[in-house]
There are 2 protein chains.
Amino acid sequence: MTISGDLLIGGIAVRGAATEFFAVNASSGAALQPAFAGATKDDVERVAALAWEAFPTYRETSLEQRALFLETIADEIMEIGDDLIVRAMDETGLPRPRLEGERARTMGQLRLFAKEVRDGRFQELRFDPADPDRKPVAKPDLRLRNVALGPVAVFGASNFPLAFSVAGGDTASALAAGCPVVVKAHSAHPGTSELVGRAVQKAVATNGLPAGTFAMLFDAGFEVGQALVADHRIRAVGFTGSRRGGTALMKIASERKQPIPVYAEMSSINPVILFPHALSRRGAVIGKSFASSLVLGAGQFCTNPGLIIAVDGDGLEAFISGATQALAEAPAQTMLTGGICEAYSKGVARLAGHAAVRQLAQGKEGTAQQATAALFETTAADFLADAELQEEIFGAAGVIVRCGNEDELFRVIDALEGQLTIALHVDDEDLPLAGRLIPTLELLAGRLLVNGFGTGVEVSPAMVHGGPYPATSDGRSTSVGTLAIYRFLRPVSYQDFPADLLAEPLRSR
Amino acid sequence: MTISGDLLIGGIAVRGAATEFFAVNASSGAALQPAFAGATKDDVERVAALAWEAFPTYRETSLEQRALFLETIADEIMEIGDDLIVRAMDETGLPRPRLEGERARTMGQLRLFAKEVRDGRFQELRFDPADPDRKPVAKPDLRLRNVALGPVAVFGASNFPLAFSVAGGDTASALAAGCPVVVKAHSAHPGTSELVGRAVQKAVATNGLPAGTFAMLFDAGFEVGQALVADHRIRAVGFTGSRRGGTALMKIASERKQPIPVYAEMSSINPVILFPHALSRRGAVIGKSFASSLVLGAGQFCTNPGLIIAVDGDGLEAFISGATQALAEAPAQTMLTGGICEAYSKGVARLAGHAAVRQLAQGKEGTAQQATAALFETTAADFLADAELQEEIFGAAGVIVRCGNEDELFRVIDALEGQLTIALHVDDEDLPLAGRLIPTLELLAGRLLVNGFGTGVEVSPAMVHGGPYPATSDGRSTSVGTLAIYRFLRPVSYQDFPADLLAEPLRSR
C-alpha cells in the first residue's frame, strides 16, 4: 500500500490545500516522504456534511452488518502487512514487538466491539407494556432503546499510533454505537494513520456502507480539529492527549449552540501507594518492578506510574535502592516526537532545579532524540505546598513523596487530583490500613489495583480507563473496554407506537 | 407540623442570616407567614462540609438500608397529612386533586427507587476473572461496580412543588445512587419545601444515617445556588427550570477547577405533528384534545404542547376549529407565581404583536394573577425565518405552523431544537410518511409518542424525560424513571483485589 499524504474523504483520497508537513523519523529526526497536505475549512465542512448524510443509514445497519464491518476493518489492517509496522517504527520510534502487540490489541478491540454489537445489550431495550385498566389513568405502552448520538470526531493519540488512533478504541466504540467517525490524524504519525485510514475506507466500501461513514483529515496545526468540534453535525468527541489540548476542546464544545460531550483522556500521574509491611518485606523487589514499569515504552503510557507515596523507613530505603539500581541500568529511549522529548527534558530539569526536590537516580544517556529516565524525591510537606509537583511529566520520570507518618500519607492522598489508576502495594498485615483508604481512592481514580502497576490496560468488560477530572473530562466514562460504547449513545422512549413505526428490535414483544 | 422558615442543616432547623422573604398566595398575591430566612455563604460551606462528611458512610449503606430510607421518606411525607396539600395549594395556586396526585407520584417515585436500589442492577457489577496462563501476559482479575459521584445539589422546580422539588425525582434518584443531597428550595413554595424537608430530615434520623445526608437551604436570590454548584464537594447538579437558569449553572460547573455534570431540564416546546389522514378523519377531535392538554395545569408542564406542525387543508381547519372552540371555553387559571404569570403575558403579547403571527383563539379572562390561554398561527416560511418563534412561552400558549406541503413540513422539523417530547397524530395511511420522519425525530427528542400528548409523564423503567439541548443540558440522561439513577454514578474497576479489600457486592464470585 502506498502513502500519498492525501485526506480520506467520501470514499476517496483527496489532496488537501492547506499547509503541507512531513512525518519525522523519531530516531534520526529526518523528514520522511511523502508530504502530507493539511485540510481546509471546506474539507471540514465536506466531511461533516458527508458524515451527517451517512448517519441515518449507518446507525440503522443491522447488528450483524455493523459487527462484520468492524471485523473487516481488523482484517484490512492485518492485510497492510509489515509496511504498517515499519512505517510506525519510523514515525514513533517504538520498537517492533510493542507495535506488533499494539496491532494485535487494535484488532482485538475491533473484534471485541463486533461481539458487543452482536450481543446487542448496549441497545438497552426496555419494554413496559400498556395497562388500559389502570386507575386513575390508563398506562401507555412504553419502549426504550439507546440510539447513536451522531457523527463523532476522533483525535488520534501520539502514544498509541494504532490502538488509540485512526481505528483505535474511540473509533471502534463509536462505530459500534452506530456513529460515523471523522478522524483528525495525529501529525506525529501521519503515514501510519493513512495506511490504517485506507484500510477503514476499504472496509466501508466492501461492506456497502455510505462513504461518509468514515473520513480522515490531516492538519499541521489545530484549526481543523477545532473546526470539527465546533461543527453542528459533530455530536461527540473522543480525544487522548494533553490537558491543554483536552480542555481547549471541552471549551469549544461547551460554547457551541448545542453543547456536545467531549471524552478527553488527558492527564494522570497514577500514584502508587506503598504500604509498610509490603515495603519492609520486599521493598527492593517492588522498587525494581516499579523501575521497569516507569521506563516501559519510554514512560509514554497514560498509566505510567509517576508518583510514589510511602511512609519513611527502612522499607522505603530498600525500595529506593532497588529502583535506583534498576534505573541506573535503564537505557535511554527514543521518544515519540522531538517535541515530546523536549517537553520531557524541560519537565525533568524543572524538577531537578526545584528547591524542595532531590534527584535520586537517572538512567543512561543517549542521543538527542532520546530520553533518560529520572527519579526524584520530595517530602509530604513540600508536595502539599506546591501543586506544580502534581503536574504530569509525560515520560519516564517519577517522584517519591516521603511521608513522616500515616497522617501525612493520608493528607497527600487527599490532595491528589483525579487519576486514571492508583496502585497499592500491600501485604496481608497492610490490609486494615489499605481498607481505610479505599473509599477515598475510589473517588479519585477509574481503576484501583493491588500489587501491580497500571501500565497494562486490559481490554475487557470490567475495565475502566477513565477517572475524575483532570484524568478525563468525564469521569462517568471509560475509553477502554466494552463500556466505552455507552459514551456514544442516548436513550429514547417510544410511547404507544404502532409496530410499523418501531425499529425492528423494539417490535419483538 | 409547623413551618418556621428555617434552614435545615445537620439534622436540625437553623435560622438563616441572609435576606428574609415571604411565600405568596398564588391566587391572591398576599404574603403568607412566616418569614423565610435566606442562607449565607457560611451555611453553604457548612452543608457542603456535612454532606462530604456523610458521604463515605451513606454511600456504603446496604441496599436494604437505603431502600428503607427512601420508603421512610415517602411515609413521612404522607404523615404530614393535609397541611402539606393546603400549604401547597396556597403557595402554587394548583388545585387539590393535582397536588394530591402529585403527592402520590412523589411517594411512588421514592418507592420505585427503593425497589431499584434493592434490585441492585444499577451497581453494574462485572466480574472478569484472572487467567494466569494467558499468553503473552497473564490476565489479571478485574471487577467493576458503579460508585456514587458524591454530594448532589438539587434545585426545586417551581412547577412541581412535590414531584420535582425537595423530595422529588432528582433527590430520590441521587439518594438511591448513594449521594447525599443538598436542596436549594424554590422560593415560590418555601413552606411546602420546609414541610417536606423536615419529613426527609426525620427519615434521616430514624434511619440512623449521618445528619449531613440531607440539607435544605433558602435564598431570596441566586447566590446560594451558585455557591453550591461552585463548591468543590458538590459533585453533580439536578435542576429543573428556565434555560437562562440552567445555562448559568452549566457555566459555573464547567468553569470549576474540577468540572461536574449538570443535569438541567430547561426548555421544550414539545412539537405535535399532525398527519394528513389523521387530520382529515378526526381533525376536530384532535383539536379538542390538544386544547385540553394545552391548558392542563395552566400549561405549566415541561411537556406542554406549544407547537403544532401540519400541512394546510380541510383537516387542519377542522383541527383549528375544534381547538378554538374548546379554548374559548377554557377558564383563566392561576399561575404558580406573579413573575411566571407576567412572563407568560409578555410572551403572549410578543406573539400577538408579531407581524408574522395571527391570533386564532383565546381562553376566558380572569383576575390579575390568572392567565388566559392563547392559540396563534404562523406560516412555515415565517417560522423558519425567525428563531424567536421557537422560544418556549411557559404557560398555556400554542403556535400552529402551517406548512404548504410535505417538503415545508420536513424543513420546519429540521429546524427544531432539542425537545423533551414530540407527538405524532397518525392514521394507518399516515404511517409511511411518519416512518420517514422517525429517524429525524429520534435525534430531536427524548420521547416520541403517537396519538397523544406529552403532558402525562409515566414514572417507569422505559421513560425518558430528557432530550438534546436545550431541552436538557445532557441528552444522554433522563430525570424521570429508573434510568435517572445512572446520572449520579460512575464506574470503578478493581484489579487483583484481595477479597478483604473489596466491597461486599464484589466479593461474591
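Worth saying up front: this structure is predicted, and the values here are computed from it rather than measured.

### A short note on the domain arrangement of chain A
Residues and elements named next belong to chain A. What the domain assignment reports for chain A is domain 1 (8-130 + 139-266 + 472-507) and domain 2 (271-450). Once you take the C-alpha centre of each, domain 1 and domain 2 turn out to be 33 Å apart. Contacts between domain 1 and domain 2 engage 18 residues on the former and 13 residues on the latter. In total, about 1100 Å² of surface goes out of reach between domain 1 and domain 2, with carbon and sulfur atoms giving 56% of it. Counting across the domain 1 and domain 2 interface gives one salt bridge. For Arg243, the salt bridge goes to Glu417, with nearest N and O atoms at 3.2 Å. The class makeup of the residues in the side of domain 1 that touches domain 2 is five nonpolar, nine polar and four charged.

### A closer look at the sheet that holds strand 5 (residues 126-128) of chain B
As summarised here, the arrangement of the ten strands in space is 15(A)-17(A)-18(A)-13(A)-12(A)-19(A)-20(A)-21(B)-6(B)-5(B), forming an open sheet in which the pairing is mixed. Here the strands that pair on one side only, and so sit at the sheet edges, are strand 15 (358-362) of chain A together with strand 5 of chain B. Ignoring which end each strand starts from, the neighbouring axes of this sheet average 20 degrees apart. Of the strands in this sheet, strand 15, strand 17 (374-379) and strand 18 (397-403) of chain A are in contact with helix 11 (residues 338-352) of chain A, which crosses strand 17 of chain A at around 35 degrees.

### Quick word on the interface of chain B and chain A
With 63 residues of chain B at the interface, the matching set in chain A holds 64 residues. For the pair chain B and chain A, the summed buried surface comes to about 5400 Å²; carbon and sulfur atoms form 59% of the total. One salt bridge connects Arg145(B) with Glu442(A), and the closest N-O pair in it is separated by 2.5 Å. Scanning the region where chain B abuts chain A turns up 36 residue pairs in polar contact (both at pLDDT 80 or more). Mapped onto the side of chain B that touches chain A, the elements with two or more residues apiece are helix 1 (41-59), strand 5, strand 6 (142-148), helix 14 (431-444), strand 20 (445-450) and strand 21 (489-495) of chain B. Residue composition of the side of chain B that touches chain A, grouped by class: 35 nonpolar, eight polar and 20 charged. Note: strand 21 (residues 489-495) of chain A against strand 20 of chain B, three bridges, orientation parallel. The residue of strand 20 of chain B that forms the bridge with Tyr494(A) is Leu448(B).

### Notes on the nonpolar core
Residues and elements named next belong to chain A. Of all hydrophobic cores here, the largest spans 82 residues; its most connected members are Ile73 and Leu217. Per-element tally for this core: the top contributor is helix 2 (residues 63-80), with seven residues. Look past the residues within four positions of Ile73 in its chain and what remains in contact with it is Leu110, Ala167, Leu175, Val200 and Ala203.

### Observations regarding the pairing of strand 7 (residues 152-155) of chain A
Put simply, side chains in a regular strand alternate between the two faces of the sheet. Residues and elements named next belong to chain A. Neither face of strand 7 is left uncovered, since the one carrying Val152 and Val154 and the one carrying Ala153 and Phe155 both have all their residues buried. In this structure, strand 7 lies alongside strand 8 (residues 181-184), joined through four bridges in parallel fashion. Opposite Ala153, over in strand 8, you have Val182 as the bridge partner. Crossover handedness for the path strand 7 to helix 5 (residues 169-177) to strand 8: right-handed. Examined bridge by bridge, strand 7 and strand 10 (residues 236-240) share three bridges and lie parallel to one another. The residue of strand 10 that forms the bridge with Val154 is Gly238.

### Side note on the environment of Pro461(B)
Position of Pro461(B) relative to the elements: it lies in the loop between strand 20 and strand 21. In sequence terms Pro461(B) and Ile422(B) are 39 residues apart; their C-alpha atoms lie 19 Å from each other. In this structure Pro461(B) touches Arg126(A), Asp128(A), Leu144(A), Thr482(B) and Leu483(B), once residues within four positions along its chain are discounted.

### Observations regarding the packing of aromatic side chains
Residue and element names in this part refer to chain A. Tallied over the full model, the rule gives 22 aromatic pairs over all chains. Consider the rings of Phe155 and Phe239, whose centres lie 5.7 Å apart with planes at 70 degrees: the pair is edge-to-face. Note that Phe155 is positioned in strand 7 and Phe239 in strand 10, a separation of 84 residues in sequence. We classify Phe155 as buried; its relative accessible area is 8%. One residue, Arg59, lies across the ring of Phe55, its end atom 5.3 Å from the ring centre.

### Brief notes about the state of the cysteines
Applying the stated criterion across every chain, the model contains zero disulfides over all chains. There is no disulfide at Cys302(B), and the cysteine sulfur nearest it, in Cys341(B), is 18 Å away.

What counts and how
Residue positions are counted from 1 within each chain, in the order its sequence is given. To label them, take the chains in the order written and letter them from A, then take the ligands in the order written and number them from 1. Since the coordinates come from a predicted model, pLDDT governs what is reported: local features require at least 70, and pairs of side-chain atoms require 80 or more to be given and counted, while whole-chain, interface and lining totals use all residues. The side-chain values count all of the structure's non-hydrogen atoms but skip hydrogen atoms and water molecules. For the purposes of this description, domain bounds are those given by an automatic or database domain assignment. Any pair of residues with heavy atoms lying within 4.5 Å of one another is described as a contacting pair. In short, buried area is how much 1.4 Å probe accessible area vanishes from two parts on joining, totalled over both. Here, a salt bridge means any Lys or Arg side-chain nitrogen found within 4 Å of an Asp or Glu carboxyl oxygen. Residue polarity follows a fixed list, in which Ala, Val, Leu, Ile, Met, Phe, Trp, Tyr, Cys and Pro are nonpolar, Asp, Glu, Lys and Arg are charged, and the others, Gly among them, are polar. When DSSP locates at least two bridges between a pair of strands, those strands are taken to pair. Strands are runs of DSSP state E lasting at least two residues, helices are runs of H or I lasting at least four, and both sets are numbered from the N terminus onward. A fitted line through C-alpha atoms serves as each axis, taken over the contacting stretch for helices, and the angle formed by two N-to-C directions is quoted from 0 to 180°. Here a polar contact is taken to be a pair of N or O atoms separated by no more than 3.5 Å, where protein atoms must pair a possible hydrogen donor with a possible acceptor and residues adjacent in sequence count only if both atoms sit in side chains. Here, the term nonpolar core denotes a set of buried Ala, Val, Leu, Ile, Met, Phe, Trp, Tyr and Cys residues that are joined through side-chain atoms within 4.5 Å. We call a residue buried when its accessible area falls under 20% of the maximum for its residue type, exposed when it is over 50%, and partly exposed in between, using a 1.4 Å probe and counting protein chains only. Crossover handedness is defined by viewing with both strands directed away from the observer: a clockwise path from the first strand over the helix to the second marks the crossover as right-handed. Side-chain rings of Phe, Tyr and Trp, where Trp is taken by its six-membered ring, are said to pair if the distance between their centres is within 6.5 Å; with planes under 30 degrees apart they count as stacked, over 60 as edge-to-face, and otherwise as tilted. Only when the NZ of Lys or the CZ of Arg is both within 6 Å of the ring centre and within 35 degrees of the ring normal is a charge said to sit over the ring. Note on terminology: disulfide denotes any pair of cysteine sulfur atoms within 2.5 Å.

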